[in-house]
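Here is what each chain is made of, one letter per residue.
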Amino acid sequence: MSDIALKVVDLSKHFVIRNNVFSKKKIIHAVRKISFEVKSGESLGLIGESGSGKTTVANLLLKLIEPSEGRIELFGKDITQLSEESMRIYRGDIQIIFQYTHAVLDPKMTISELLREPLEIHQVVAKYQIDNEVDRLLELVGLSKSEKNKFPSQLSGGQNQRILIARAIATRARVIVCDEPVSALDVSVQGQILNLLLKLKEELNLTYVFITHDLNVVKHMCNRIAVMYQGEIVEIENTEKMLSDPQNPYAQKLIKSFLT
Amino acid sequence: MNRRNVPLIFGIVILLLVLLVMLFPEMFASHSPYTIQHIRFLHDEGRLSVERAPFSPDDGFLLGSDHLGRDIYSYIIYGTRLTISLGVLIALGQFLIAVPMALYAGFGSRIAKSVIQQFNVIFSAIPALLIAIIILKLDYFVGLEKQKSIMSFILVLTAVSWARLGNLVMERVETILTQPFIKGEVAIGKKHFRIAIENVIPHLAPELIVLFFMEIARNLSTLMQLGIFSVFIGNLGLINDATSGVQINTDISFEPEWASMLSTSRTLITIAPWTVIYPALAFFISVLGFNLFGEGLRTLMQKKESRSVLAFRKIITLDFKYFCVNVDKRSKFKITLWIALFALIIGFFSFINYKDYSIGYASVRVDLPETTVIGTEEALFSAGFIADYMTRLGIVPLRNDSLLMPFDIGQSFLIEEQMMTLSMESGIHNLNQGTDYAFLTSGNISESGVVYDATKDDLFNISSFDRFADKFILIEQLYYSDSAIRHFIETITVNAGVKGIILVARANQVIQNHIVDADEDNAVIVVSQEVSQVLKENPDLVIAVHTTVKPLTSNGYNVVGIHRGTDPHIGDEAIVVGMNYNYLNQEGGEVLKFNLKLMERLCQMADQKRAIIFLFLDGTINENQHGIHYIAQDFPYSPQKIQVYIDLTSITHERFGEIEFSTAQAPPTRQFAWSLGRLFDSKLNQKGYPIQLLETNYIDGSYYFTKSESDNALFWNRGIPTVILGTVKTDNNIWDLETLGSIVLEVINKNNY
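Residues numbered from 1 in each chain as written. Chains lettered and ligands numbered in written order. Predicted model: local features only at pLDDT ≥ 70, side-chain atom pairs only at ≥ 80, totals over all residues.

Remarks on unusual backbone geometry
Residue and element names in this part refer to chain A.
Thinking step 1. Within the chain, Lys63 stands out as a residue other than glycine whose phi angle is a positive 55 degrees.
Thinking step 2. Checked against the element boundaries, Lys63 lands in the loop between α1 (54–61) and β4 (69–74).
Thinking step 3. Non-glycine residue Asn205 carries a positive phi angle of around 55 degrees.
Thinking step 4. Owing to 11 C-beta atoms within 10 Å, Asn205 belongs among the exposed residues under this scheme. (Helix = DSSP H or I, 4+ residues; strand = E, 2+ residues; numbered from the N terminus. Buried ≥ 20, exposed ≤ 12 C-beta atoms within 10 Å, placed from the backbone.)

Regarding the interface of chain A and chain B
Thinking step 1. Contact residues are listed per partner, giving 24 residues for chain A and 18 residues for chain B.
Thinking step 2. Mapped by element, the contributors of at least two residues to the side of chain A that touches chain B are β6 (94–97) and α3 (111–122) of chain A.
Thinking step 3. For the side of chain A that touches chain B, the leading source of residues is α3(A), giving 4 residues.
Thinking step 4. Looking at side-chain class alone, the side of chain A that touches chain B contains 10 nonpolar, 8 polar and 6 charged residues. (Contact = placed C-beta atoms within 7 Å. Nonpolar A, V, L, I, M, F, W, Y, C, P; charged D, E, K, R; others polar.)

Details of the packing of α3(A) against helix α4 (residues 130–140) of chain A
Residues and elements named next belong to chain A.
Thinking step 1. Running from N to C, α3 and α4 cross one another at 115 degrees; their axes reach a closest spacing of 10 Å. Taken together, the axes of α3 and α4 lie roughly perpendicular to each other. Here α3 runs over α4; the crossing is right-handed. Between α3 and α4, the contacting residues are Ser112, Leu115, Arg116, Leu119 and Glu120 on the first element and Ile130, Glu133, Val134 and Leu137 on the second.
Thinking step 2. Residues that form the contact of α3 with α4 fall into these classes: 5 nonpolar, 1 polar and 3 charged. (Axes fitted to C-alpha atoms, helices over the stretch in contact; angles between N-to-C directions. Parallel < 35°, antiparallel > 145°, perpendicular 65-115°, else oblique. Left-handed = near helix turned anticlockwise from the far one by under 90°.)

Let's talk about the pairing of strand β12 (residues 500–504) of chain B
All names here are of chain B.
Thinking step 1. Within β12, 5 of the 5 residues are buried, leaving the element largely enclosed by the surrounding structure.
Thinking step 2. What you see with β12 is no split at all: Gly500, Ile502 and Val504 on one side and Ile501 and Leu503 on the other are buried throughout.
Thinking step 3. Taken together, strand β11 (residues 472–476), helix α16 (residues 482–495) and β12 constitute a β-α-β crossover, and its handedness is right-handed.
Thinking step 4. Pairing between β12 and strand β14 (residues 523–527): 5 bridges, direction parallel. Of the residues in β14, the one forming a bridge with Leu503 is Val526. (Right-handed = clockwise from strand over helix to strand, strands pointing away. Pairing = 2+ DSSP bridges.)

Description of the packing of helix α3 (residues 72–106) of chain B against helix α9 (residues 192–228) of chain B
Residue and element names in this part refer to chain B.
Thinking step 1. Running from N to C, α3 and α9 cross one another at 145 degrees; their axes reach a closest spacing of 8 Å. Crossing of α3 against α9: the hand is right-handed. From α3, Thr83, Leu86, Gly87, Val88, Ile90, Ala91, Gln94, Phe95, Val99 and Leu103 reach across to α9, where they touch Ala196, Val200, Leu208, Phe212, Glu215, Ile216, Asn219, Leu220 and Leu223.
Thinking step 2. Of the residues contributing to the contact of α3 with α9, the split by class is 14 nonpolar, 4 polar and 1 charged.

A short note on the nonpolar core
Residues and elements named next belong to chain B.
Thinking step 1. Membership of the largest hydrophobic core comes to 80 residues, with the highest contact counts inside it found for Ala98, Ala102 and Val173.
Thinking step 2. Where this core is concerned, the elements lending two or more residues are α1 (6–23), α3, α4 (110–125), α5 (128–136), α7 (146–177), α9, α10 (258–265) and α11 (274–301).
Thinking step 3. For Val173, the contacting residues outside a window of four places in its chain are Ala102, Leu103, Gly106, Val200 and Leu204.
Thinking step 4. Among the nonpolar cores identified, the runner-up in size contains 76 residues, and Phe594, Ile612, Leu694 and Ile720 belong to it. (Core = buried A, V, L, I, M, F, W, Y, C linked by C-beta atoms within 7 Å.)

Nothing here speaks to function; it is all geometry.
Set out below in structure tokens:
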């Protein structure tokens, strides 16, 4: 497939920090003029060291924060300038899977409530089918129906991550941004989750933007890799080419450190 | 580890007790909180001693009494309702403002945030208490009636204290919004409003509930502090002394409420410490109760995986269907608890207006005769109608199985035609019946002649009757008692062939007569003071009178019935309510409807502990036929058992400008009547009725408290203390019966405990 799912042009984000009224403004450039394209059905890996702006990019793509400059196109539609209200319609198309922490799911909601939410908001299925759909989603991510009335704190980290995935695909999202989805999990569970993501990609024809600092994961998951350094994308290349012959000095260093 | 939640248990016990007292104060109280007893008599080994309030705690008063002799214990019990509701309502007000504002601010509204912060800064810098005192001490707020006073308290105290809470909640909201899952909810496409309700509030809920009870406790202490500065609901601020231009107010409230107790008695702390200690203790216990309950709830709610949150979320998002399916039994129990709590809060609202004292006489639909005058068929019809009405209300006769008590009024006439003219140089003047003159005695008369001014004669020792012959005799009533005047009329008419007697009206005397005593030859006429002035100045003036009359039956009918008391101790004590049923115009008919409805409402009041005797009096239009005299001669109930006679016979107007009122015949020694009078006085003042106190005249060796003998009848003949309430027409008749009736109803009901 050649159509472009996500296109980013000259996207920048800077934060203005001002400690008090009298101090000078300090500008932090978290993301500087990055551009990339993700084709439909493709997986793009975004790697870089901590503080290189990867998570900011994820938040920008989801419009959880407003970009300072540049343009984001989702299936050809410019969503950069959309208001919160009009953006809500497109949120069904693009979803995010966060890094697992103890409060990545509302601890006061049950699993079934958490899964019903996206279904209700985006009216994916008719009201009377919501219960069935919740069961189907649970099955899809490999959880049993009996977990439905539990709270997130009663489940393991891996199970919670599966709930997050289920929430993301519940809206019939075509693009999913995965922000360090497995970094906080046990190595054994990591494999399971990654395999689940791969399986879902096949079944649902998903497009991934995969943000991680773990090259192993990228190697396993992605067709292409973008290397970020201090807010900029220094190199973007096919996975194999990048791993074997990186051009940029920083990319070279990064891959070298990984291989050793 | 399953440790008992001790604070919660203690808190629940205290709050349940408070709630019980709020709901059923009459179960606990020993006295009526409105009862006032200034002095009491003690028999001590055969000696009688008199003691003055405040009384120390003993058998009569469990926790003592205040300086007015009100029972502290009962006052605290009855005051619980208002004081606690006030605390709760203020807390509710604070939450209604603070929580939405805090949510708004948390989601990034600059305006909401700065409003909260500025308010918080202002009221941190200047103590909220000080501002509340300044505002609530304004004359405008002090003078408000109860309902409005409560509202203003809630508004003012909410306004000065919400921001502190708002700031607290706002910080919490901000913390919650930084939690990772909020980002997830936004990414899902959830609206801010839904996030606030479904995600933020459930996380806040435990704290909010704890804060709520803590705020109630805080509000109660604020109220207590305000009370010490004489700021409380229903502060009448009676003027005690105004000598040398300095007003000294007594801060007093007749509304049971704790804060007022602290204020009224703070000057008594050295001589009567119980007046301060016990209300303060009441505050202390309830503040403790709310605090403990809040603390206990905090511990309970902080447990993780509490399913009550689920139910809570469902309640606030109004998704009730969900209850039916997925929730286990334990949660359902908790849901019920939540709903109960909700209902309780709503219940608090209704406490403010917990008793309905409206009369609603306009709804009475009956066909009454155009006029009802003693001795006519209409009177008999009306009496029968009233008797039927009484029977329907369960009112029973006092004597002879008949509600109608007939009495003999002798022969009298109803005037059909009447005329009185003055022939002056300028021509013949027609006088107005009802304002200028009225007949007391008459037959079919047509006379004319000159006037003899006897106002300066010694009428007790008349030397010669010759000078009276063929003249109208002018007598000043002011100097003589009613019986003396009757004596003069008799001697003069027997001994001299006079044309008639003209009496000068006393101040306030009603010049209106449709019935007259029978006398075929002589007329007795009352004239106004203006007319008498004209007569005195023009001795040669010829006056002419002309009347035709119709004889009446010689029986009047008082309708008398008793609504039996229910209390085993005081059930045989009675309150007598006297009303009239004679009238001459349509307005009088409305008054009769009002009287009937008032009787009905008095019977409906559930806690009528004492008996009520209803007198519907006949012949009230003419003093001589006034039914009260016949009742007074032969009262069908033991006068010792009668606590008070409430004379409403002077209520004769549907709309009126002033109230005539007298408690002169309800002395402090007659405790029940006296306190009833005081209550009437305070209530009428509170509503702003212009009051015309009835004069006390010293006539013929005895005090005539009011304008006529009938007003004195029960007090002087039977020793029954009397409170008189009547209406007066003025140029500006802005008051109506409905509000007056509700006062009557409320006062009687409150005093009758």
